[in-house]
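Residue-level structural notes
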Amino acid sequence: MRMLGSEDAMSAAAQPVSLASSQAAPQPVPTPVPAVQRYFEISLFLLVSTGILAIVSTGKLDPIAATIPPIAIFYKGYRVWRNKGPEISVRFATELVLAYFLFFPLDLFFLSRNLADNAPNPALYAALLATIHLLLFASLVRLFSARTNRDYAFLSVLSVTCMLASAILTVETSFLVALAVFLVLAVSTFVALEMRRAATGAICPALDPGSPLASDLNRALGITSVFVAAGALAIGTLIFFLIPRYTSGYLSALSLQPSLMTGFGDSVTLGQIGVINQSSAVVMRISFDQNAASEGVDIHWRGLVFTNFDGRRWFTPKRDDIVVTPGAGGDYVFPPRYLVPGQSRHIHYTVLMEPNASDAIFIAPRVTALRGHFGAGAERPGSQVRPGFLLIDHTGSLTNPSHNDSKIRYEGTSEIPVIPPSLLRKAGTKIPDEITRNNLQLPEIDPRIKQLAEDITRGMTNDYDKAANIELYLKTHLNYTLDLSGPAVKDPLANFIFVRKSGNCEYFAAAMTVMLRSIGVPARYVGGFVSGEYNEVGGDWIVRSSDAHTWVEVYFPEYGWMTFDPTPSGGPKSTGLFAQLAKYWDWFQFAWGEWVINYDFVHQISLVHNVGQSSKNFSDNLKKWYQARRDAAMAEIVKLDKATEASPYFLPGLLVVLIVLLMILRGRELLTSLMTRWALLMRSGDAKASLVIFEYREMLRLLEKAGWRKAESQTAEEFAAQFTRLELAGPVSQLTNLYQAARFGEHPARVEQMSALVASIRDAVKRGAHAAK
């Protein structure tokens, strides 16, 4: 595409001219460099496309607004690739935008308002949707009509506004990816725009697109854009984490979440959870203080308990709930019941729950304490902080009256019962009237269900064996499936047990609950989630919608409600390459939500503490590593020392090593000395100059040992003249004369005479040393 008009037309080529001809000829038409212009057009198109698609990818737009912009961008991309010009005139584009302003009130008060009915704040969200519709329309119209530098600058501003709008609609990890791409393209576009302006009016040969120089320029611009954007992200990240925080994460408060994941309501109809099981959306991420991989195994995350059944639907009759407020320390405390020392497993866990349409707070069985800000769901910037509280009903189900329409992070402590079956078999038979009144209710059921329960439990005298055998029967005689297709039946439970013989967890839990109640064993229907999948990358458990589950709780006097799960296993989960990559992505999403979206003063203190602790741990580990290596080296040395001392080859080998070392350090000097001494011993008569020099140096060495060192500035005669002792003065003077005569006068000296003089000097030095002692 050519996004240029006549004011930006290109000349064929600029030719160099002389000063005289340039004065006579008219000034050249301003011409941007073609290679830069082409790069700028593509970069600007990608920038605008990223901003628009960032809004569309949030999933918060209506079908029309989510469909038309991608189609328009695809068409415009084809036009850009074919190097085609603007599609509509500037005047017509202006008329379209003005016409849309007339349509805007209709969109604001009717169309967008209907789309925002389920949002936490419908009026605000409707205004936001209508504004985004206007923004998208203006961006597309300007994209199809831009011709001048002013149009390009305005289009760039619109793309930035699109990114800001997408940040309001979502704060998920997809926005981070879009932001990183947008920053690279923004740097690239504005650099190319400045180069395009600077090239206007230049008199130089133009760079043709596709030429080697143009390719190098494009490559340099691309690399520069990536590095500048990476630097901006790094600096921005540093500033983000260092800015003092005094409230909860404000990014989460700014994020509007109109669409919430389906959750558990006040009732469960058979087959309802099967729909939830089809989704892989993350519901919770759960971490444990220690041994996370083992602590989270086989935990049923309890949500809501249902006591009544009408043949198709489980529900709990409405009763007055108890308000639970946090204590002075901020903990919601729940007095333990039926807990016997040594018969429970203590766990402490942290839950990050995603927004959902249920008010249930999911906990491990027998919760004793909770800590969390459960009123945050209704907060917005500038609102006052409201004290949180929870509601608990007669079944022990916890709910959040402020609703779970935003992410909630809470900590819990539970004592999961671990009671041997032998003790449950001996449990008493005295059951409180309230338990039997609320948990033995049944509608009119198929008589075959009760008959089957009696057949399975025939001959059993305690409730535990009855419950365990019904659980085993359902697991082994019926099949698990999520395919619930088929015609509607009058009695879905009897059809599941005797005809279809396959279903999801709701049918299994309902069948066991009804069968136990039919033979007089108190039981109730529980909805929640199973353990989920352990992510070794992040060290937490990921609970998805597909982990939604129902099970049964059976009452035992003295021990309370115990969990039974009659649903067969759904089969192993995928462990392939994509499953492993998904764990890294899940961990990244968790870190993004925990340390960016919900980043507050508590997280900031935790970050400082973690950095200090990590630094200390690194220093300690480095010290331990050095000490371990040092101790290991000393042990090896001692071991080698003992081994060498016991070896008969130690002394000979040591001697050889010393000789080799001596030869390496002073081998040449020592060899020369030995050869010279050998020559002195083997010959008589006149000595060569080299032998005379050797004897003179030997004299200097002997005198230096006695304390007379020849300075570098002294001549041989000056050095010899300083000796006054007769026994040294004579030999030193004579040897000096022979040395000078042989070296400078080429007068040979007698070997015997020089050797005798050196010997007399050696004797005099020794006598002087003894006299000094």
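Whatever comes next refers back to the structure up there.
Residues numbered from 1 in each chain as written. Predicted model: local features only at pLDDT ≥ 70, side-chain atom pairs only at ≥ 80, totals over all residues. Heavy atoms only, no water.

**Digging into the overall build of the chain**
Broken down by element type, the chain carries 24 helices and 21 strands. Counting across all 773 residues of the chain, residues that qualify as buried make up 42%. Restricting the contact set of the chain to residue pairs at least 6 apart, pairs at least 24 apart contribute 75%. Total accessible area computed for the chain in this model is approximately 41800 Å², and 62% of it derives from carbon and sulfur atoms. (Helix = DSSP H or I, 4+ residues; strand = E, 2+ residues; numbered from the N terminus. Buried < 20%, exposed > 50% of the residue type's maximum accessible area, 1.4 Å probe, protein only. Contact = heavy atoms within 4.5 Å. Areas by Shrake-Rupley, 256 points an atom, 1.4 Å probe, with all protein chains shown as cover.)

**Quick word on unusual backbone geometry**
Positive phi is not limited to glycine here, since Asn 83 has a value of about 60°. Given a relative accessible area of 34%, Asn 83 falls into the partly exposed group.

**Observations concerning the pattern of salt bridges**
Throughout the structure, instances matching the rule amount to 18 salt bridges. For Lys 318, the salt bridge is made with Asp 321, and the minimal N-O distance between the two is 3.6 Å. Linked through salt bridges whose partners overlap, the residues forming this network are Lys 76, Arg 79 and Glu 87. (Salt bridge = Lys/Arg side-chain N within 4 Å of Asp/Glu carboxyl O.)

**Focus on the sheet that holds strand 12 (residues 408-417)**
Reading across the sheet, the 7 strands line up as 7-9-12-8-2-17-16 and stay open at both edges, with antiparallel pairing between neighbours. Looking along the sheet, the strands with just one partner apiece sit at the ends: strand 7 (332-333) and strand 16 (533-535). (Pairing = 2+ DSSP bridges.)

**With respect to the sheet that holds strand 6 (residues 322-324)**
Spatial ordering of the open sheet is given by 6-10-11, a layout of 3 strands whose pairing is antiparallel. Where the open sheet ends on each side, the last strands, each with one partner, are strand 6 and strand 11 (398-399). Note: strand 10 (residues 390-392) against strand 11, 2 bridges, orientation antiparallel. Following the sheet pairing, Leu 391 is matched in strand 11 by Thr 399.

**Considering a nonpolar patch on the surface**
Taken together, the side chains of Phe 103, Leu 106, Phe 109, Phe 110 and Leu 111 present a nonpolar region at the surface, about 500 Å² in accessible area. You can see Leu 106 is positioned in helix 4 (residues 90-115). (Patch = residues over 30% accessible without salt bridge, like charges linked within 9 Å, V, L, I, M, F, W, Y side chains within 5 Å.)

**Remarks on the packing of aromatic side chains**
Considering all chains together, one arrives at 23 aromatic pairs under this definition. Geometrically, the ring pair formed by Trp 314 and Tyr 525 is stacked, given 4.7 Å between the ring centres and 5° between the ring planes. Of the two residues, Trp 314 is situated in strand 5 (residues 313-315) and Tyr 525 in strand 15 (residues 523-529); the sequence distance between them amounts to 211 residues. Here the two residues Trp 314 and Tyr 525 agree in accessibility, since each one is buried. With a centroid separation of 5.6 Å and 45° between ring planes, the pair formed by Phe 374 and Tyr 410 is classed as tilted. In this pair, Phe 374 sits in the loop between strand 9 (367-372) and strand 10 while Tyr 410 sits in strand 12, placing the two residues 36 residues apart along the sequence. One aromatic cluster is present, formed by Phe 306, Phe 309, Trp 314 and Tyr 525 through successive ring pairs. (Phe/Tyr/Trp six-rings, centres within 6.5 Å; stacked < 30°, edge-to-face > 60°.)

**A short note on the nonpolar core**
Met 284, Trp 301, Tyr 349, Leu 370 and Tyr 410 are the most contacted members of the largest nonpolar core, which totals 72 residues. Looking at which element gives the most residues to this core, the answer is helix 17 (residues 505-518), with 9 residues. Contact partners of Met 284, with chain neighbours within four places excluded, come to Trp 301, Val 351, Leu 352, Met 353, Phe 362, Tyr 410, Phe 529, Trp 541, Ile 542 and Val 543. (Core = buried A, V, L, I, M, F, W, Y, C linked by side-chain atoms within 4.5 Å.)

**Some remarks on the packing of helix 14 (residues 447-456) against helix 17**
Running from N to C, helix 14 and helix 17 point in directions that differ by 80°, and their axes come no closer than 9 Å. As far as their axial angle goes, helix 17 and helix 14 are roughly perpendicular. For the pair helix 14 and helix 17, contact is made by Ile 449, Lys 450, Leu 452, Ala 453 and Ile 456 and by Val 514, Met 515 and Ser 518, respectively. Along the lines of polarity and charge, the residues of the contact of helix 14 with helix 17 split into 6 nonpolar, 1 polar and 1 charged. (Axes fitted to C-alpha atoms, helices over the stretch in contact; angles between N-to-C directions. Parallel < 35°, antiparallel > 145°, perpendicular 65-115°, else oblique. Nonpolar A, V, L, I, M, F, W, Y, C, P; charged D, E, K, R; others polar.)

**A short note on the packing of helix 3 (residues 63-81) against helix 5 (residues 122-143)**
When two helices pack together, you describe them by how their axes are tilted relative to each other and by the distance separating the axes. Relative to each other, helix 3 and helix 5 sit at 15°, their axes nearing to 11 Å. What the angle tells us is that helix 3 and helix 5 run roughly parallel. The element helix 3 and its partner helix 5 pack so that their crossing is left-handed. Seen from helix 3, the contacting residues are Ala 65, Pro 69, Ala 72, Ile 73 and Lys 76; seen from helix 5, they are His 133, Leu 136, Leu 140 and Leu 143. Partitioning the contact of helix 3 with helix 5 into residue classes produces 7 nonpolar, 1 polar and 1 charged. (Left-handed = near helix turned anticlockwise from the far one by under 90°.)

**Comments concerning the pairing of strand 18 (residues 548-556)**
The buried count for strand 18 comes to 9 of 9 residues, which makes it a mostly enclosed element. Neither face of strand 18 is open: one carries Ala 548, Thr 550, Val 552, Val 554 and Phe 556, the other His 549, Trp 551, Glu 553 and Tyr 555, and all of them are buried. Both strand 15 and strand 18 contribute to a ladder of 7 bridges, which runs antiparallel. Residue pairing in the sheet places Gly 527 in a bridge with Thr 550 of strand 18. As defined by bridge partners, strand 18 adjoins strand 19 (residues 560-564) across 5 bridges and the pair is classed as antiparallel. Paired with Glu 553 across the bridge in strand 19 is Thr 563. Taken together, strand 18 and the strand that follows it, strand 19, pair antiparallel across an intervening segment of 3 residues, in which Glu 558 is found at a positive phi of about 80°.

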